[in-house]
Amino acid sequence: MIVSQSVMAQAQSAPSSFSSLAERVSPSVVNITTSTMVAGRTGPQGIVPEGSPFEDFFREFQNPNGDPEGDRPRRSSALGSGFVVSEDGYIVTNNHVIEGADEITIEFFSGKELDATLVGTDPNTDIALLKVEADEPLSFVKFGNSDDSKVGDWVMAMGNPLGQGFSVSAGIVSARNRALSGTYDDYIQTDAAINRGNSGGPLFNMNGDVIGVNTAILSPNGGSIGIGFSMASNVVTKVVDQLKQFGETRRGWLGVRIQDVTPDMAEATGLASTDGAMVSDVPDGPAKDAGMKSGDVIVSFDGKPVTDTRQLVRIVGNTEVGKAVRVVVNRNGNTETLLVTLGRREETSEAVPASQEQSTPEAPATKDIMGLTLSPLTAELRSELGLAESAKGLAVTDVDPASEAYEKGLREGDVITEAGQAEVLSLNDLEDKISEARDAGRKSILMLVRRGGDPRFVALTIEDN
């Protein structure tokens, strides 16, 4: 059988053993035991009605030994993993491993145990930083560059699976840049066996550098089926540095609402591709101060090309608070560069649209356009839709269920405030913008739709004459 040289080279690069690597990094990997005071048993409440003849039976069933303290608070223990990242005793683990714990105990590979204190946590990335005080410098491991890891690379996981003690498993990088449910997610997927108790443990590359923190598994039965997720080290290192310095995270804040650019939105605005993040709203904040506008498409942030909203959120969050960054936007087909001084995400709440000026009163009228029955906002409609007196635009009073507008999520009660990236106050305004788009050879028109104050852009196909 003939085997190509490239396949032979790949086969030769596979490690014959992980023993030397495991021996080298084991002293830096720890087991974590937490102790938490929880409420005691509450008897048969919720099982049988109070006063039922079965009440005594269920009380004995829940407390078979007749423990007089059965209803009192008791301690509950949990197990997890972690790893030492500095000789003076800083330890990284998952937030869910230590969340709510009253006591945290660290067990080292040697069997030595030390009590740990909590330095800080970041629930957004499920990372926690602990600190122990030791009489001598501790063995520690370094973070590697997770961006250098490639699908197919060998990796090794270490931890305390199912409370069985120190354990090693190996596999490959199955996928990169996975997102689960968090805003700042950037997971490495691996088929190395990860089980409950591995949470917070390190994922090593073959150089012994930590490229991920084992955080979650996908499993129908609670055990490993070869789909595990480790938070990428390039996310973790920034979180750890901030927790060590401030005891909390300090993420950059741009101050915009954004959405991905779809192919029909790109066509409607004359964009060459769907790369970038479209700004749907600019409340009071850093972006507004810098002159950013609704309808801008952010194509570059601090020198980094922007591909979509998820990537933009991550790179903004990882940028230093107070830094002045250059943000390149596409505005009406032209490129503009704005200088934005970032605020701090943790000091803000979700911004709401700024109040708008009162529109010019207009006689009530309705018209069917692109499957939508539209009417200019009146005092009566504002009251009916629960809108502020300053709200302006065209109210959607009905949507044809067979229309493209319905398919794209428009519903009765929505308000169209812009079309063709210009304000619309009347039905004539909308018809004029549709005509302009048609004359320019556009197949669709971009409209800014608000629902309950939340804005989003929708591109609708222009009807034929």
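A. Representation of the packing of aromatic side chains. Under the criterion given, the structure shown has 4 aromatic pairs. Geometrically, the ring pair formed by Tyr-187 and Phe-229 is edge-to-face, given 6.2 Å between the ring centres and 75° between the ring planes. Of this pair, Tyr-187 sits in strand β9 (residues 187-190) while Phe-229 is found in strand β12 (residues 228-232), placing the two residues 42 residues apart along the sequence. Overall, Tyr-187 belongs to the buried group, its relative accessible area being 6%. Taking the ring centre of Tyr-90 as reference, the NZ or CZ of Lys-244 above it sits at 4.7 Å. In this structure, Arg-250 is placed above the aromatic ring of Phe-246, and the distance from its NZ or CZ to the ring centre is 3.8 Å.

B. Local environment of the pairing of strand β11 (residues 210-217). Counted residue by residue, β11 has 6 buried out of 8 residues, so it is predominantly covered. Pairing geometry for strand β10 (residues 202-204) and β11, over 3 bridges, is antiparallel. Note on β11: the bridge partner recorded for Phe-204 is Val-210. Between the antiparallel neighbours β10 and β11 lie 5 residues, among them Gly-208 with a positive phi of about 85°.

C. Structural detail: the side chain of Arg-251. Assignment of secondary structure puts Arg-251 in the loop between α5 (233-246) and β13 (252-253). Assessed through its relative accessible area of 5%, Arg-251 is described here as buried. Within the structure, the side chain of Arg-251 is placed 2.5 Å from the side chain of Asp-122, a separation counted as a polar contact.

D. Structural view of the sheet that holds strand β7 (residues 154-159). Here we have 6 strands rolled up into a closed barrel, ordered β7-β8-β9-β12-β11-β10, and antiparallel in their pairing. Averaged over all neighbouring strand pairs, the angle between strand axes comes to 45°, with direction disregarded. Lying over the sheet, α5 contacts β11 and β12, oriented at roughly 50° with respect to β12.

E. Structural view of the pattern of salt bridges. Applying the stated rule across the entire model yields 19 salt bridges. In this structure, Lys-131 engages Glu-133 in a salt bridge whose closest nitrogen and oxygen atoms are separated by 3.2 Å. Take Lys-131: its relative accessible area is 13%, and that puts it in the buried class. Glu-431 serves as the salt-bridge partner of Lys-367, at 2.3 Å between the closest nitrogen and oxygen. Highlighted residues: Lys-367 in strand β21 (residues 367-369) and Glu-431 in helix α11 (residues 427-439), separated in sequence by 64 residues. According to the relative accessible area criterion, Lys-367 is partly exposed, its value standing at 37%.

F. Focus on unusual backbone geometry. In this structure, Asp-126 takes a positive phi of about 60° despite not being glycine. Here Asp-126 shows up in the loop between β5 (113-122) and β6 (127-132). Residue class for Asp-126 comes out buried when judged on its relative accessible area of 13%. The phi dihedral of Asn-177 is positive, around 55°, even though this residue is not glycine. You can call Asn-177 partly exposed: its relative accessible area is 36%.

G. Spotlight on the nonpolar core. Grouped together as the largest cluster of nonpolar side chains are 25 residues, with contacts concentrated most on Val-25, Phe-83, Val-92, Ile-127, Met-156, Phe-204 and Val-236. Elements with a minimum of two residues in this core: α2 (19-25), β3 (90-94), β6, β7, β11, β12 and α5. Broken down by element, the residue count for this core peaks at 5 residues, all from α5. Residues in contact with Met-156, not counting those within four places in the same chain, are Phe-18, Leu-21, Ala-22, Val-25, Val-168, Ser-169, Ala-170, Pro-202, Leu-203, Phe-204 and Met-206.

H. Quick peek at helix α8 (residues 309-317). Counting buried residues in α8 gives 7 out of 9 residues, a clear majority hidden from the surface. Residues of α8 that are buried: Thr-309, Gln-311, Leu-312, Arg-314, Ile-315, Val-316 and Gly-317. Here the buried face of α8 lies against β8 (167-178), β13, β14 (257-260), β15 (277-281), β16 (297-301) and β17 (304-305). Near the N-terminus of α8, the side chain that reaches the backbone nitrogen of Arg-310, with its oxygen 3.4 Å away, is that of Asp-308.

I. Looking closely at a negative patch on the surface. Negative charge collects at one region of the surface, where Asp-368, Glu-380, Glu-384, Asp-398, Asp-400 and Glu-412 lie side by side. Tracing the chain through its elements places Glu-412 in the loop between α10 (404-407) and β24 (415-419). On the basis of relative accessible area, Glu-412 is assigned to the exposed category, the value being 58%.

J. Fine view of α5. Taking 1.5 Å per residue, 14 residues should reach 20 Å; α5 reaches 19 Å between its end C-alpha atoms and fits that length. If you check which residues of α5 are buried, you get Ser-233, Val-235, Val-236, Thr-237, Val-239, Val-240, Gln-242 and Leu-243. Just past α5, the residue Gly-247 takes up positive phi, approximately 80°.

Rules behind the numbers
- Residues numbered from 1 in each chain as written.
- Predicted model: local features only at pLDDT ≥ 70, side-chain atom pairs only at ≥ 80, totals over all residues.
- Heavy atoms only, no water.
- Phe/Tyr/Trp six-rings, centres within 6.5 Å; stacked < 30°, edge-to-face > 60°.
- Helix = DSSP H or I, 4+ residues; strand = E, 2+ residues; numbered from the N terminus.
- Buried < 20%, exposed > 50% of the residue type's maximum accessible area, 1.4 Å probe, protein only.
- Lys NZ or Arg CZ within 6 Å of the ring centre and 35° of its normal.
- Pairing = 2+ DSSP bridges.
- Polar contact = N/O pair within 3.5 Å; in protein donor to acceptor, adjacent residues only side chain to side chain.
- Axes fitted to C-alpha atoms, helices over the stretch in contact; angles between N-to-C directions.
- Contact = heavy atoms within 4.5 Å.
- Salt bridge = Lys/Arg side-chain N within 4 Å of Asp/Glu carboxyl O.
- Core = buried A, V, L, I, M, F, W, Y, C linked by side-chain atoms within 4.5 Å.
- Patch = residues over 30% accessible without salt bridge, like charges linked within 9 Å, V, L, I, M, F, W, Y side chains within 5 Å.
- Areas by Shrake-Rupley, 256 points an atom, 1.4 Å probe, with all protein chains shown as cover.
- Lys, Arg positive; Asp, Glu negative; His and termini not counted.
- Charge placed at Lys NZ, Arg CZ, Asp CG, Glu CD.
- Expected span 1.5 Å × (residues − 1).

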